[in-house]
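A closer look at the structure
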Amino acid sequence: MLLAHLPILIVVLPLVAAPLVVLVRHGGVGWAVALGVSAASTAMSVAVLAEVPGTGVLSYAIGSWEPPWGIEYRIDAGNALVALLVSAVATIVLPAAKRTVLLEVGADREYLFYALFLLCLCGLLGIALTGDAFNVFVFLEISSLATYALIALGRDRRALTAAYQYLLLGTIGATLYVIGVGLLYLVTGTLNFADMAQRLPAVVDRRPVIAGLAFITVGMGLKAAIFPLHAWLPNAYAHAPSAVSAFLAATATKVSLYVMMRVYYSVIGAPTAFGAEPTGAILMALSIAALLVGSGAAIVQRDLRLMLAFSSVGQIGYITLGISLASAAGMTAAMAHLINHGLTKGALFLLVAGVALRLGGTRFEQIAGLGRTMPITSFAIVIGGLSLIGVPGTAGFASKWALVVAAIGAGLWWVAAIVLASSLLALAYVWKFVEAAYLSAPPAGAPARGEAPADVTVPALVLTAAVVAFGLHATPVLEASSRAASAFLRGWP
Amino acid sequence: MNRDIILRVVSKLLIPIALIFALYVQFHGELGPGGGFQAGVIIAAAMVLHALIFGLAAARALVPEWLVETMVALGVLVYAGVGVAGLLLGGNFLDYFVLARDPAYGQMRGIFWVEVGVAISVSGVMLKIFYVFAGRGRALDDKP
Amino acid sequence: MTTLGHLGYWATVALLMTGLYIVIARGHLVKKLVGLGLFQSSVYLLYIVPGKLVGGTSPIVDQGARVYSNPLPHVLILTAIVVGVATLAVGLALAVRIREAYGTVEEDEILAADDHDG
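Conventions used here
- Residues numbered from 1 in each chain as written.
- Chains lettered and ligands numbered in written order.
- Predicted model: local features only at pLDDT ≥ 70, side-chain atom pairs only at ≥ 80, totals over all residues.
- Helix = DSSP H or I, 4+ residues; strand = E, 2+ residues; numbered from the N terminus.
- Buried ≥ 20, exposed ≤ 12 C-beta atoms within 10 Å, placed from the backbone.
- Contact = placed C-beta atoms within 7 Å.
- Rg over C-alpha atoms; globule rule 2.2 N^0.38 Å.
- Pairing = 2+ DSSP bridges.
- Nonpolar A, V, L, I, M, F, W, Y, C, P; charged D, E, K, R; others polar.
- Expected span 1.5 Å × (residues − 1).
- Core = buried A, V, L, I, M, F, W, Y, C linked by C-beta atoms within 7 Å.
- Axes fitted to C-alpha atoms, helices over the stretch in contact; angles between N-to-C directions.
- Parallel < 35°, antiparallel > 145°, perpendicular 65-115°, else oblique.
- pLDDT = per-residue confidence, 0-100.
- Left-handed = near helix turned anticlockwise from the far one by under 90°.

Observations concerning the overall build of chain B
The secondary structure content of chain B amounts to five helices and zero strands. When the elements of chain B are put in sequence order from the N terminus, they spell out α-α-α-α-α. Expressed as lengths along the three principal axes of its C-alpha atoms, the size of chain B is roughly 60 × 30 × 15 Å. The 144 residues of chain B split such that 38% are buried. A separation threshold of at least 6 residues defines the contact pool for chain B, and within that pool the share at least 24 residues apart is 64%.

Regarding the overall build of chain C
A count of helical and extended segments in chain C gives four helices and zero strands. The C-alpha radius of gyration of chain C comes to 20 Å, more than 25% above the 13 Å expected for a compact globule of 118 residues. Burial analysis of chain C (118 residues in total) assigns 25% to the buried set. Summarising the internal contacts of chain C: among those between residues at least 6 apart in sequence, 45% fall at separations of at least 24.

Side note on the pairing of strand E2 (residues 72-75) of chain A
All names here are of chain A. Residue alternation in E2 divides its side chains into two sets, Glu 72 and Arg 74 and Tyr 73 and Ile 75, and both sets are buried. With four bridges connecting them, strand E1 (residues 58-61) and E2 associate as antiparallel partners. Bridge pairing in E2 places Tyr 60 opposite Tyr 73.

Looking at the interface of chain A and chain B
The parts lose accessible area when they come together, and the size of an interface is often stated as this lost area. Between chain A and chain B, the contact holds 13 residues from the first and 16 residues from the second. Residue contributions to the side of chain A that touches chain B peak at seven residues, all from helix H1 (residues 6-24) of chain A. A class-by-class count of the residues in the side of chain A that touches chain B yields ten nonpolar, three polar and no charged.

A closer look at the interface of chain A and chain C
Opposite the 22 residues of chain A that make contact, chain C presents 25 residues. Within the residue set of the side of chain A that touches chain C, elements represented by two or more residues are helix H5 (133-152) and helix H6 (158-188) of chain A. Counting residues per element, the side of chain A that touches chain C draws most heavily on H6 of chain A, at 14 residues. Looking at the side of chain A that touches chain C, its residues break down into 15 nonpolar, four polar and three charged.

Observations concerning helix H18 (residues 413-438) of chain A
All names here are of chain A. Between the first and last C-alpha of H18 there are 37 Å, a value that for 26 residues agrees with the 38 Å anticipated at 1.5 Å per step. Every buried residue of H18 is accounted for by Val 415, Val 419, Ser 422, Ser 423, Leu 425, Ala 426, Tyr 429, Val 430, Phe 433, Ala 436 and Ala 437. Where H18 is buried, its residues touch helix H12 (279-299), helix H13 (304-324), helix H15 (370-373), helix H16 (375-389) and helix H17 (395-409).

What to know about the nonpolar core
Residue and element names in this part refer to chain A. Grouped together as the largest cluster of nonpolar side chains are 274 residues, with contacts concentrated most on Val 93, Leu 118, Ile 151, Ala 163 and Leu 350. Element by element, the count of residues in this core is highest for H6, at 20 residues. Not counting residues up to four positions away in its chain, the partners in contact with Ile 151 are Ala 159, Ala 162, Ala 163, Tyr 166, Ala 236, Ala 240 and Val 244.

Brief notes about H12 of chain A
Along an α-helix, residues three or four apart share an orientation, since each turn contains 3.6 residues. An ideal rise of 1.5 Å per residue puts 30 Å on 21 residues; H12 of chain A measures up with 30 Å between its terminal C-alpha atoms. All of the buried residues along H12 of chain A are Thr 279, Leu 283, Met 284, Leu 286, Ser 287, Ile 288, Ala 290, Leu 291, Gly 294, Ser 295, Ala 297 and Ala 298 of chain A.

A short note on the packing of helix H2 (residues 29-48) of chain C against helix H3 (residues 72-102) of chain C
Residues and elements named next belong to chain C. Direction vectors running N to C along H2 and H3 enclose 175°, while the axes themselves pass 10 Å from each other. What the angle tells us is that H2 and H3 run roughly antiparallel. When H2 is examined against H3, the residues Leu 29, Val 30, Leu 33, Leu 36, Gly 37, Gln 40, Val 43, Tyr 44, Tyr 47 and Ile 48 are found in contact with a partner set consisting of Pro 73, His 74, Leu 76, Ile 77, Ala 80, Ile 81, Gly 84, Leu 88, Gly 91, Leu 92, Ala 95 and Ile 98. Residues of the contact of H2 with H3, tallied by class, amount to 17 nonpolar, five polar and no charged.

Some points on the confidence of the model for chain C
All names here are of chain C. Residues with a pLDDT of 70 or more make up 94% of chain C, whose mean pLDDT is 86. Looking at the elements of chain C, mean pLDDT is at its lowest for helix H4 (residues 107-117), recorded as 84, and at its highest for H2, recorded as 93. At the level of chain-chain contacts, confidence expressed as ipTM amounts to 0.93, with global pTM at 0.93.

Considering the environment of Gly 294 of chain A
All names here are of chain A. Mapped onto the elements of the fold, Gly 294 is located in helix H12. For the pair Gly 294 and Ser 440, spaced 146 residues apart in sequence, the C-alpha separation works out to 26 Å. Discounting chain neighbours no more than four positions away, the residues touching Gly 294 are Phe 227, Phe 310, Ser 311, Val 313, Gly 314 and Gly 317.

Side note on the packing of helix H2 (residues 27-51) of chain A against helix H4 (residues 110-129) of chain A
Residue and element names in this part refer to chain A. In contact at an axis separation of 7 Å, H2 and H4 are set at 15° when each is read in the N-to-C sense. By the criterion of interaxial angle, the relationship of H2 to H4 is roughly parallel. Along this stretch, H2 crosses H4, giving a crossing that reads as left-handed. The residues of H4 that touch H2, namely those facing Gly 27, Gly 30, Trp 31, Ala 34, Val 37, Ser 38 and Ser 41, are Glu 110, Tyr 111, Tyr 114, Ala 115, Phe 117, Leu 118, Leu 121 and Leu 125.

Focus: unusual backbone geometry
Residue and element names in this part refer to chain A. Cis geometry is found at the peptide bond from Pro 67 to Pro 68, where omega equals 10°. Along the chain, Pro 68 turns up in the loop between E1 and E2. For the peptide bond that leads from Phe 227 to Pro 228, omega is 0°, which places it in the cis range. Among the structural elements, Pro 228 can be located in the loop between helix H8 (207-224) and helix H9 (233-239). If you check the backbone angles, Ser 64 has positive phi at about 60° while not being a glycine. Its place among the elements puts Ser 64 in the loop between E1 and E2.

Okay, structure coming up:
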């Protein structure tokens, strides 16, 4: 009986836990509840992923109102994987959050932090699992509003301006998405993704459909920080509390990218989105620009956090490049990179959180000689960096290789060449860290040799280990991604 | 605190009427325009009027900060609780049909408690927003 | 349909562009939020206008009533309005906090202060 309700329980559990944490008003309890709920969501996501058979779809009618009239939760191999990524990253980040939140946010607001964190988690999971276009907007705003507040809790006043800027751009993005959904609703009369997909081919006047596609692309592009709509991302990631940076960098943009994939492949359909309309060409051009500009901008940053944030802009380009290829191989690469990059960036931001905890900052002059003062953390950051470059033996290699193969398979040799060339840019910014950490002397007054506290370092190392494990043994991720890709391409008839 | 006697008397007359009207909007919501959201806003508006005329400190004494925060969380819990009740009684999440033996009556019961939750949360949130903005940058006992 | 028949859409687009322009062109953080509010209200119009049918009744099954207005857009937009209220509240709260931290709500002065910090 419980198994049948898993799709909704994954979302409801954090939703119920958040007000409970507010009622209890205790930071430690809040943290424990958040950790327990995240772990439970992870377990349920695993169960759902195992439950979704190779070709099947789990459908859950909220309030027993039959779809398409009621809100439907619709789970296939694609969004179950996204939900697993979100909840698993939350579970790994939370143990490290305890200490950093106490330090950065303060004990008096600690319980509110965890309530917001749970709401953000609820929103992200809801976006992933719902099969209703308007429900996506509602969950998008739940997660976004929680995110704005979480970012504003950051260490210094620049967190406030970063949160404000994200609020403006995030709201514009979400509103553009609703306009797009509204146009599709006007021509189909339904908000259920699967029902919409069925009715769209019969729509005679294509113009609202194309306009809707464009609005949704720009709106979700803003939320996913696709170049040139990425202006909010670097500051938001760099100035948010450490735990929030790690969680958001691994999950928030990925969920928006998932919505794009869903709308392109399952609702509008690849023949319209990529055949009749030039979505693929536009997305490809933007992706290539993102690869070059994001990675290029990362090189010139003077702060490790900002460098990682700009690197995210570039790495998102690889994912959208995979989407733009409109093939099973491209989508597999996109999903694999979505997961691998999520794990890599989560690991890196957690490691940097440990650095900030010990050294009080992450500017390059502060982290000079890190290889000597914090050898383990420093080494793990290098491993994460290698995954960003795509060196064999790391997770980043597996998905990038899949992307190159997909591009060559589509006859786009020059795209494959640009992907490889952009790896050199990644090499440049990772080398900058290596230079600071291993080839410079620690600044005067640097703390003695020693790592960050274990509760911060261990979760970071777990993620780093996952990056290496999925690099050496890439089959699980690639297989799950391939199943997800075929689920997207098959659509929701 | 405003010392104008007309404002004070009029608001003393108005606030109870506003609260009663809020209850009307709340419970008539099933049959006519209205519901928990509107009722919650009217309740909060009555309290805001009280704060404007009699001072923030008086309003805070009447509806203290902790109560407001509890209301915000409690309303969401009531709403979600209706959903979970549907689950426990053998239906889907937010299933109203199973809340009573007669499905139509179950519908009414479900929407009633959902609207109660909405009203509690909305009035709490509106008051919270007002308190947060009004209390910023000045002491709690605001003398004119 | 005639140009006049598209009146609702014209109004939607006008609100949309006006709101977006204010968000981009103004440097005052509160004015930006006003623009954002206008921008969001364009969506309310986009959904609600097609929900009205000339001669339509309320959506209650009754004898003699053939044409009725679709209630769903109104419900959706009620949700969107609540979201708009929440966004505005968070935005204004951030503006207040920025004012306290920087002593100004003008974007260029804030950017200058950030540059000064390095």
